Structures are given as C-alpha cells and as structure tokens.
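Below, each chain spelled out in residue letters.
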Amino acid sequence: MENRPFRLITSGPLEALARTLEALLVVASAPLSVAELAAAADDDEARIESALELLAERFVEGRSGIVLEHVSGGYAFRASRDEAPACARLVERPVERGLSPAALETLAVAAYLGPVSRPDVARLRGVAADTVVAGLVERGLLTEAGREPGVGGAVRYRTTELFERIFGLESLSALPRLDDLGDDADSIRGRLEAVAARRGA
Amino acid sequence: MRAPDLDLDLDTFEGPFDLLLTLVLREELALGEVDVAEIVLAYVERLAARERLDLEGCGEFLVLVASLLELKARDLFPDEEVDLSELSPEEAADELARRLEEYRRLKHGAAWLAERLEHESDRYFRLGPAPLAPRPERRLAPGRPEDLAAAVRALAEEPPQLSLAHMGLRFPPIERFLDRFRATLRRRKAFMLDAELEGLSRLEQAAAFLAVLELRKGNEVRIEQAAPFAPIRVSRLDIERSSEWRTARSA
C-alpha cells in the first residue's frame, strides 16, 4: 500500500461537514454547542452530532496534539495533555494561578448554590467575602446574575463558562453530590453538647 | 504582657493590636476580613514564650477579643441578630450544628475543586475575547424610484435669491435725538418718551431710545417706568435733585 501522508478527513458528505466543524472549532474562543455548530454550518443537529463523533475519534489524546472535548455545554479544541509542558513554556495561566482556599470555597458556594450574594457567601464561610468575590469576578470565574428580590437587593453571582472550562466540567451538574455527609450534623451536635457538658461540670 | 502591645502579622493587617482596634473602631478596616483566631494564636504563642503568667493581661485580652468577636458577628449577620437571640440554647445548638455541617459540605466542595484544578492543570485551551456578535442585516427602507427622482430634482433647483435689502438701511444719527431731547428738557423739566416717538419709523425710534440711554449714562436725566411696557417718563436730573434738596430742607 502506498505510504500516503496522514489525512484527517477523507471525502464524503459527512466528512465535508466534519471539515466545516473543524474550521468552526478552530476559530471559536469558547465551546460551541451542537445548536451553534448547526446554525453556523447550516446543517441539521443529528448530522452535526455524527460529524462530531468522527472528529472525536480523530482528535483524541495520544493520537493528535489537538483534542476535542465536551466541556461547558459545548465542544472545543484544546491541547493534548502530553503537550502541556510545551504549552506551559509558551503561555501563562493567570486565571487559575494562585487560587486561594478562600477563593475555592467561594467558587464552591457559587457553583453548588448559585446564584448567591456576597452576604450569602459571608454567612456560609463566616468571613466577609467582598475581596474574594471581587477577585473572582476580575479573573472571569464569577459573573453578576441579577439581584436579590426587593428594593436595593444585593447583587448575586454565578460561576461562568470559563469556570467550567478551567475545571473541565461538562456543566455544573457534573459536580459531585455532597449529600453523602448526612450524619455530620448529628455528630457535630454531639461534640458541641459534650463540650458544653464538660464546661458545665 | 499587655494585649495592646501584641504585634500582629495577619493577612489583612500588620502592626500592634491597639492599632488594629483603632482602625476597626474607625471603620477603616473591615472586621469581617480579620481572622480573629490568628490574633488569639499570636497571643498564646507570645504567652507561651514567657515564664510568668500575667492574669490581668490575659483577662484584658479576653475581654478585647470577645468584643471583637461580637462586633464581627454583628457585622457578618446584621439581619439575623434578633432571630438568633430568640432561640433557646437547644435551638441555637441545632442552628450552629446545621451551619457547621453546611460549612463542612462547602469545604468538601472546595477540596474537590482544588483536586480537580490540580488534575486539570495540564489542559491548555484557547482563551480569547467573546465571539463576535452576529452582524445585524442592514435593510433599506422601502421606496419608489419616483421619490428618489423628485429628491434629486429638488437638489438641482436654483435656490431663491437672498434679500440684501437690510444692508441698504440708513441708521439715523443718535446726536440728532440727543440735541432734540436736550432742547425739550431745557423747555420742560420732563417728557413722556412715547409722545416724542410718535410718528417716527422703527429705526428712528431705536435711535431715539439709544439717545435717552446715552443721556442717562451722562447723568443728565432720570428714567422712570411704573411697570413693564408702561409709558417711560424722562426727567431733567438737576431739577429732580433740587426738588429733592428742597424736600429735605423743608422736612
């Protein structure tokens, strides 16, 4: 067999559509949903999904320097993990660099309970959240999402698409459930009562 | 060791404890941002380094820290003050346990995120500005070719000649009216301007009015008008003054 150069896409109607999707994903700076791809490619969503499967087979870890991933409710290209050291020498990652424990706790509140206001975060964490929230908004990980009901209600915040991308989440529903800690309230209460009893003795 | 002498090195503040208290009381430092536990730790460490236990100093520190905690609690939960104070001890313990449990869940969430961030640290992707918004389609307003032709025709028409008639107007000299009014005032002590203007053109009336203003400027006449648009009375000023003088003398 002739040793031909590597071809990403062969000919055929679906392959032509896959080439179009490749082009769209290369120029986009944010994940594109199936609906957005269908609108831009002027094709129907079922065919878009089939073409995406073709691309996913080709752009996969270990096979290509570019990987197609399903993230933040859409599809996007990213660099292969194998090439991370080279990428690290070329670009910085200022958004996620140096995220403090306080910032991660605030992100957790917004991701699990969002949209939340600064007083909500302060009530849960026991520390004022103004500086942390402002920092996360500046990094693009939180964004304003309306106000609490009533006149002069506090601004509410939710996590952004960038948050989902950085944490590699298909959506917020991909966050793990936290209700397997159900008996903690009882054990904490027991410990509190034990401390109170010792002090009373 | 006295509490005010305690040197602190916190995330939000560096300096003596009494300065921290002053800044908090002046509301120049948000108490919500201050980690009170760090202050207690710093004090305990300093205390451990000393051989003698200063009970009075410890008591003072406890009172100050308790006050700080109370202020911080009020600061963080301004709306809940009443609700919490109405709780029985059991209910308060339940509420505290509930909140601690809520916080514990949150800590688990944050720990998961930290782990995830570590795991995803080798994922590089393009970060750029938001995609361009779709361009709105520019549509021309519906129109008829005849209307366009009419508009062009209107542009092609010669504009009407501008009238330069006003440039030929001759303004009568003000001196003429100055002489006339001075002569009148030599004969009479006052006159009504409206009567003097009768039969004059608009330009002559304007010149006459300027002449009256000129006389007023030279302090030769007094101008009186009872109300806006009422007849204007112009009187000789030396006559007016002498009558005022006479009035003052007789009084």
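Residue numbers here run from 1 along each chain, matching the order of that chain's written sequence. Going through the entries in the order they are written, you letter the chains from A and number the ligands from 1. At least 70 in pLDDT is required for a residue's local features to be given in this predicted model, at least 80 for side-chain atom pairs to be given and counted, and no such filter applies to totals for whole chains, interfaces and linings, which use all residues. Note: side-chain values were computed over all heavy atoms of the structure, leaving out hydrogens and water.

**Student:** Explain the overall build of chain B to me, please; I cannot follow it from the model alone.
**Tutor:** Each helix is a run of DSSP H or I of at least 4 residues and each strand a run of E of at least 2, with the numbering of both proceeding from the N terminus. A count of helical and extended segments in chain B gives 10 helices and five strands. Looking at chain B residue by residue over its 251 residues, the buried ones come to 27%. For chain B, the share of sequence-separated contacts (at least 6 apart) that also reach a separation of at least 24 residues comes to 53%. Methods summary: accessible areas were calculated by the Shrake-Rupley approach with a probe of 1.4 Å, and residue burial reflects only the protein chains presented. Entry remark: accessible area of chain B is about 18700 Å², with carbon and sulfur atoms responsible for 56%. To sort residues, take the accessible area from a 1.4 Å probe on protein chains only and compare it with the maximum for the residue type: under 20% means buried, over 50% means exposed, and anything in between is partly exposed. What makes two residues a contact is simply this: any of their non-hydrogen atoms within 4.5 Å.

**Student:** Before we go on, may I ask you to explain the packing of helix H5 (residues 101-113) of chain A against helix H6 (residues 118-125) of chain A in this structure?
**Tutor:** Think of two packed helices as two axes; the pair is described by the angle between the axes and how far apart they sit. All names here are of chain A. Helix axes are fitted only over the stretch in contact, all axes being lines through C-alpha atoms; the angle between N-to-C directions runs from 0 to 180 degrees. Interhelical geometry of H5 versus H6 gives an angle of 115° and a closest axis separation of 10 Å. The way H5 lies across H6 gives a crossing that is right-handed. Between H5, through Ala 102, Glu 105, Thr 106, Val 109 and Leu 113, and H6, the contact on the second element is made entirely by Val 121, Leu 124 and Arg 125. Note on residue classes: Ala, Val, Leu, Ile, Met, Phe, Trp, Tyr, Cys and Pro are nonpolar, Asp, Glu, Lys and Arg are charged, and everything else, Gly too, is polar. Taken together, the residues of the contact of H5 with H6 sort by class into five nonpolar, one polar and two charged. Each crossing gets its hand from how the near helix is turned against the far one by less than a right angle, where anticlockwise is left-handed and clockwise is right-handed.

**Student:** What am I meant to see in the packing of aromatic side chains here?
**Tutor:** Each pair of aromatic rings is reported with the distance of its centres and the angle of its planes. All names here are of chain B. Whether two aromatic rings pair depends on their centres lying within 6.5 Å, for rings of Phe, Tyr and Trp, where Trp uses its six-membered ring; planes under 30 degrees apart make the pair stacked, over 60 edge-to-face, and the rest tilted. Scanning the model with the defined rule gives six aromatic pairs over all chains in all. Arranged with centres 5.8 Å apart and planes meeting at 45°, the rings of Phe 17 and Phe 61 form a pair that is tilted. Here Phe 17, found in helix H1 (residues 17-25), pairs with Phe 61, found in helix H3 (residues 55-76); they are 44 residues apart in sequence, far enough to count as distant. Both residues of the pair, Phe 17 and Phe 61, belong to the buried class. Centroid distance Phe 177 to Phe 181: 6.3 Å. Interplanar angle 40°. Geometry classified as tilted. Of the two residues, Phe 177 and Phe 181 are both situated in helix H7 (residues 174-187); the distance of four residues between them amounts to about one turn of the helix. In textbook terms, an aromatic cluster arises when at least three aromatic residues are bridged by ring pairs, as seen for Phe 17, Tyr 43 and Phe 61.

**Student:** How should the environment of Ala66(B) be read in this particular structure?
**Tutor:** Residues and elements named next belong to chain B. Here Ala 66 lies in helix H3. Ala 66 gets classed as partly exposed once you look at its relative accessible area, which sits at 44%. For the pair formed by Ala 66 and Val 36, sequence separation is 30 residues and the distance between their alpha carbons is 9.7 Å.

**Student:** Is there a simple way to think about the sheet that holds strand S3 (residues 190-192) of chain B in this case?
**Tutor:** Neighbouring strands of a sheet are bound in pairs by backbone hydrogen bonds; such pairs are parallel or else antiparallel. Residue and element names in this part refer to chain B. Strand pairing is defined by DSSP finding a minimum of two bridges between the two strands. Spatially, the three strands line up as an open sheet ordered S3-S5-S4, and their pairing is antiparallel. Since the sheet does not close on itself, it has two edges, and those belong to S3 and strand S4 (221-225), each with one partner. Across the sheet, the mean angle separating the axes of adjacent strands is 20° when strand polarity is ignored. Relative to strand S5 (residues 232-236), S4 runs antiparallel, the two sharing five bridges. Along S5, the bridge assignment pairs Gln 225 with Ile 232. Packed onto the sheet, helix H9 (residues 202-217) meets S4 and S5 and runs at close to 120° relative to S4.

**Student:** What exactly am I supposed to notice about the environment of Leu104(A) here?
**Tutor:** Among the structural elements, Leu104(A) can be located in helix H5. Taking the C-alpha atoms as reference points, Leu104(A) and Val132(A), separated by 28 residues in sequence, lie 9.5 Å from one another. Leaving out residues up to four positions away in the same chain, Leu104(A) has contacts with Leu99(A), Phe167(A), Ala110(B), Leu113(B) and Ala114(B).

**Student:** What is the right way to look at a nonpolar patch on the surface in this model?
**Tutor:** Residue and element names in this part refer to chain B. For patches, a residue must show more than 30% relative accessible area and have no salt bridge; joins then use 9 Å for like charges and 5 Å for nonpolar side chains, namely Val, Leu, Ile, Met, Phe, Trp and Tyr. In the sections that follow, a salt bridge refers to a side-chain nitrogen of Lys or Arg positioned within 4 Å of a carboxyl oxygen of Asp or Glu. Taken together, the side chains of Phe 171, Phe 209, Leu 210, Leu 213 and Ile 223 define a hydrophobic patch exposed on the protein surface, amounting to about 420 Å² of accessible area. Broken down by element, the residue count for the nonpolar patch peaks at three residues, all from H9. Take Leu 213: it is sitting in helix H9.

**Student:** Explain the interface of chain A and chain B here, please?
**Tutor:** Size of an interface, as often reported, equals the accessible area lost when the parts are brought together. In this assembly, 54 residues from chain A lie in contact with 42 residues from chain B. In total, chain A and chain B occlude about 4200 Å² of area from one another, counting both sides; carbon and sulfur atoms represent 62% of this. What gets called buried area is simply the loss in accessible area from a 1.4 Å probe that two parts show on being joined, summed for both. Among the residues chain A hides against chain B, the three largest losses belong to Arg81(A), Arg93(A) and Arg123(A). Together they make up 16% of the total. Connecting chain A to chain B are five salt bridges. Linking Lys107(B) and Glu105(A) is a salt bridge whose minimum nitrogen-to-oxygen distance equals 3.1 Å. Across the side of chain A that touches chain B, the residue classes tally to 34 nonpolar, six polar and 14 charged.

**Student:** Just to check I follow, could you spell out the packing of helix H1 (residues 13-27) of chain A against helix H2 (residues 34-41) of chain A for this structure?
**Tutor:** Residues and elements named next belong to chain A. Where H1 contacts H2, the axes come no closer than 10 Å and their chain directions differ by 110°. With respect to their mutual orientation, H1 and H2 come out roughly perpendicular. Viewed along their axes, H1 and H2 form a crossing whose handedness is right-handed. Taking contact as the criterion, the partners of Leu 17, Thr 20, Leu 21, Leu 24 and Leu 25 in H1 are, on H2, Leu 37, Ala 40 and Ala 41. Across the contact of H1 with H2, the residue classes break down as seven nonpolar, one polar and no charged. Angles are sorted into four bins: roughly parallel if under 35 degrees, roughly antiparallel if over 145, roughly perpendicular if 65 to 115, and oblique for all others.

**Student:** Help me out: how do you make sense of the confidence of the model for chain A in this one?
**Tutor:** Should the pLDDT be low somewhere, the predicted coordinates at that spot are not to be read in detail. For chain A, the average pLDDT comes to 82, and 82% of its residues sit at 70 or higher. What pLDDT expresses is the predictor's confidence in each residue, scored from 0 to 100. Of all secondary-structure elements in chain A, the lowest mean pLDDT belongs to helix H9 (residues 184-200) of chain A, at 60, while helix H3 (residues 45-58) of chain A reaches the highest, 93.

**Student:** How do you make sense of the pattern of salt bridges when you look at a structure like this?
**Tutor:** Two side chains bearing opposite charge may form a pair once their charged atoms approach each other closely. In the structure shown here, the tally under the stated rule is 19 salt bridges over all chains. Between Arg81(A) and Glu120(B) there is a salt bridge, and its shortest N-O distance comes to 3.2 Å. Of this pair, Arg81(A) sits in the loop between strand S2 (74-79) and helix H4 (84-90) while Glu120(B) sits in the loop between helix H5 (89-119) and helix H6 (145-156), on two different chains. You can call Arg81(A) partly exposed: its relative accessible area is 23%. Where Asp122(B) meets Arg81(A), a salt bridge forms, and the shortest distance between an N and an O atom there is 2.5 Å.

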